[in-house]
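Fold and contact review
Given next are the chains, with one letter for each unit.
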Amino acid sequence: MNGAEAIVDTLVRLGVRMCFANPGTSELHLVEAIAARSDVRTVLGCHENVCSGAADGYARFAGRPAMVLVHLGPGLANALSNIHNAVKAGSPMIVLVGDHPAAHRALDPPLASNIEAIAEGPGCWVRTIASPLQAAQAAADAFVATMAWPHRPAVLVIPNDVAWSDAPPLAVYPDLPAPKPVAASAITAARDALYARGATSGLYLGLDCLEDADARKAADAICAKTGARLLAPTFMRTLPRGEAAVAVERVPYFPRMATQVLGPLTDLILAGIDEPIGFFAYPGLGSYLAPPSVRRWPMGTAAENAAAALQSLADALETGTAARPLVARKTVVPPQGALTSAAIGSVLATYLPANAIVCDDGVSEGFSSWLTMENGPAHRWSFPIGGSIGNGMATAIGAALAEPSTPVITLQGDGSGLYGVQALWTQARENLSCLTIVFANHKYRILELEMMTLRGGNSGASPLFELAEPKIDWVALAAGFGVSATRSTSVAEFQDAFLEHVGKPKPFLIEAVL
Ligand SMILES: Cc1ncc(C[n+]2csc(CCOP(=O)(O)OP(=O)(O)O)c2C)c(N)n1
Ligand SMILES: [Mg+2]
């Protein structure tokens, strides 16, 4: 067994079954080692950011990490935007980066760079394997590091001579990490606050709690018993929504609106999450979204088991069978006429197949669908949590591979889509059930809106926000990557295209002209 085989063998023994790859010459032994395994699926991405975005989506819906194979420092740098999103989302993945042997690297060949520094930027765990004797153990350490709480990508730098030299297999199977328990005093403090002022309190849930069905149920019971409001951050990793979901209020994106929600509260319980802060800073506005008058009750960090703490809190409050009404389905009638993002939301709320996955990279135009679909069929919603746009179609790849029989819908901004458009080719190559809806407003609309605020309500236009000259032809782009597509300008056209192509076992793209 060589070092590359020892690494892959270790990761497979630990349950890794997927590899999103864009390799080069320094990764050829890893390519061979992975190809020899019938129990690992390899998926080629034509840009490394597609690979890391797909691994993020896969981790969100499969609940386990994938390998991401990239080529030295430049390959890792290309993957970094979606690695950043994965760090912020707490998504695990094991990034394998080839490197030159130390003696060759010392001569400064063209592809040499400081790979560890690149990995450290977004906050990844990183290690360069010093010797083939350590290859298997380093892979196990990387797996443990990525699965530690909160999860985050682990980057293994694998010098070529480590990959090609003889190496022993893993000697000792590692203990898998578990989150630390939340301090009992924090749970008691939260209980006392809710007993005293539950009806004017908020229970703010971290990403792990929002994803955990038992934690959502416990939180719901706590709110039913005490009258507290159940709150979620503006962006979540995945959230079950729609019919029969636990009702959760999302803290608005714009700080003044967020403060309107949080300001009236007396107390805010923070379950496995830091207190809410603004996405950006603005002149004259503070960073904290809750005013100082709101008493904060931290109940666990993202490294701690806040889901179990919620259960303990529910027990301490003797919630019993208390429950608020689950989200009810409401019928919406899609309007007729010209296509708008609101109309798209109505079509989705009416016709989305139950339990579909929605990858929202729709920026300003995706928000209408978020609102309308609250009372639509049951579905799961995912966001680019780190705010690094362009992950939508890549995340959809991972989601579709994690759940092959689930329809995956990407809400795609036309500007954002261009950061990762190559994802369409992988969707076509793998025959994935991915339907992409491009909001073709031919601009960076969100930046216009932000600039309008900055200019005190005047026009927010700038040539730097315009994508209209020339217009980007999404139908042609999709065709170029092997994905069939159509252009819709009316609600009727959009609805017909959606109904015909959603949930089919191959990708499709609708350019929704707004
Ligand atoms: C990697 C990265 N680059 C740039 C930005 C800044 N940015 C945020 S939104 C946006 C434009 C999004 O345009 P589009 O997807 O068309 O959505 P719209 O604003 O039209 O709703 C840009 C450039 C970012 N968030 N991330
Ligand atoms: Mg746009």
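A quick note: this is a predicted structure, and the numbers were derived from the prediction, not measured. (Residues numbered from 1 in each chain as written. Chains lettered and ligands numbered in written order. Predicted model: local features only at pLDDT ≥ 70, side-chain atom pairs only at ≥ 80, totals over all residues. Heavy atoms only, no water.)

**Quick look at the coordination of the magnesium ion (ligand 2)**
Expected angles at a metal are 109.5 degrees for tetrahedral coordination by four donors and either 90 or 180 degrees for octahedral coordination by six donors. Coordination of the magnesium ion (ligand 2) by the protein is provided by D414 (OD), N441 (OD1) and K443 (O), with metal-donor distances spanning 2.1 Å. For the magnesium ion (ligand 2), the donor residues sit on a single chain with the sequence spacing D-x26-N-x1-K. Of the residues examined, N441 reaches a relative accessible area of 13% and is grouped as buried. (Donors = N, O, S within 2.8 Å, 3.2 Å for Na, K, Ca; no water. Buried < 20%, exposed > 50% of the residue type's maximum accessible area, 1.4 Å probe, protein only.)

**Side note on the site of ligand 1**
The local shell around ligand 1 holds 18 residues, among which S364, D414, G415, S416 and I446 are the closest. D414 is positioned with one of its side-chain polar atoms (N or O) 2.7 Å from an oxygen atom of ligand 1. Note that an oxygen atom of ligand 1 is positioned 2.8 Å from one of the backbone N or O atoms of G415. Across the shell around ligand 1, the residue classes break down as six nonpolar, eight polar and four charged. (Near = heavy atom within 4 Å. Polar contact = N/O pair within 3.5 Å; in protein donor to acceptor, adjacent residues only side chain to side chain. Nonpolar A, V, L, I, M, F, W, Y, C, P; charged D, E, K, R; others polar.)

**Here's the deal with the nonpolar core**
L203, L205, M299, L310, I409, I437 and F498 are the most contacted members of the largest nonpolar core, which totals 62 residues. Sort the elements by how many residues they give to this core and helix 13 (residues 306-316) lands first, with six residues. If sequence neighbours within four positions are ignored, L205 has contacts with L210, A219, L230, L231, A232, P233, A271, I273 and L310. (Core = buried A, V, L, I, M, F, W, Y, C linked by side-chain atoms within 4.5 Å. Helix = DSSP H or I, 4+ residues; strand = E, 2+ residues; numbered from the N terminus. Contact = heavy atoms within 4.5 Å.)

**Quick notes on a nonpolar patch on the surface**
A cluster of nonpolar side chains, V363, I389 and Y419, forms an exposed patch at the surface whose accessible area comes to about 240 Å². Mapped onto the secondary structure, I389 falls in the loop between strand 14 (379-382) and helix 16 (392-402). (Patch = residues over 30% accessible without salt bridge, like charges linked within 9 Å, V, L, I, M, F, W, Y side chains within 5 Å. Areas by Shrake-Rupley, 256 points an atom, 1.4 Å probe, with all protein chains shown as cover. Salt bridge = Lys/Arg side-chain N within 4 Å of Asp/Glu carboxyl O.)

**Re the packing of aromatic side chains**
Working definition: an aromatic ring pair is given by the centre-to-centre distance plus the angle between the planes. Under the definition given, this model contains 11 aromatic pairs. When the centroid spacing of 6.3 Å and the interplanar angle of 70° are considered together, the rings of F235 and Y253 count as edge-to-face. Here F235 is found in the loop between strand 8 (229-232) and strand 9 (239-241), whereas its partner Y253 is found in the loop between strand 10 (249-250) and helix 12 (255-262), with 18 residues between them in sequence. An angle of 20° between the planes, with centres 6.1 Å apart, marks the rings of F494 and F498 as stacked. (Phe/Tyr/Trp six-rings, centres within 6.5 Å; stacked < 30°, edge-to-face > 60°.)

Just distances and angles here, no functional claims.
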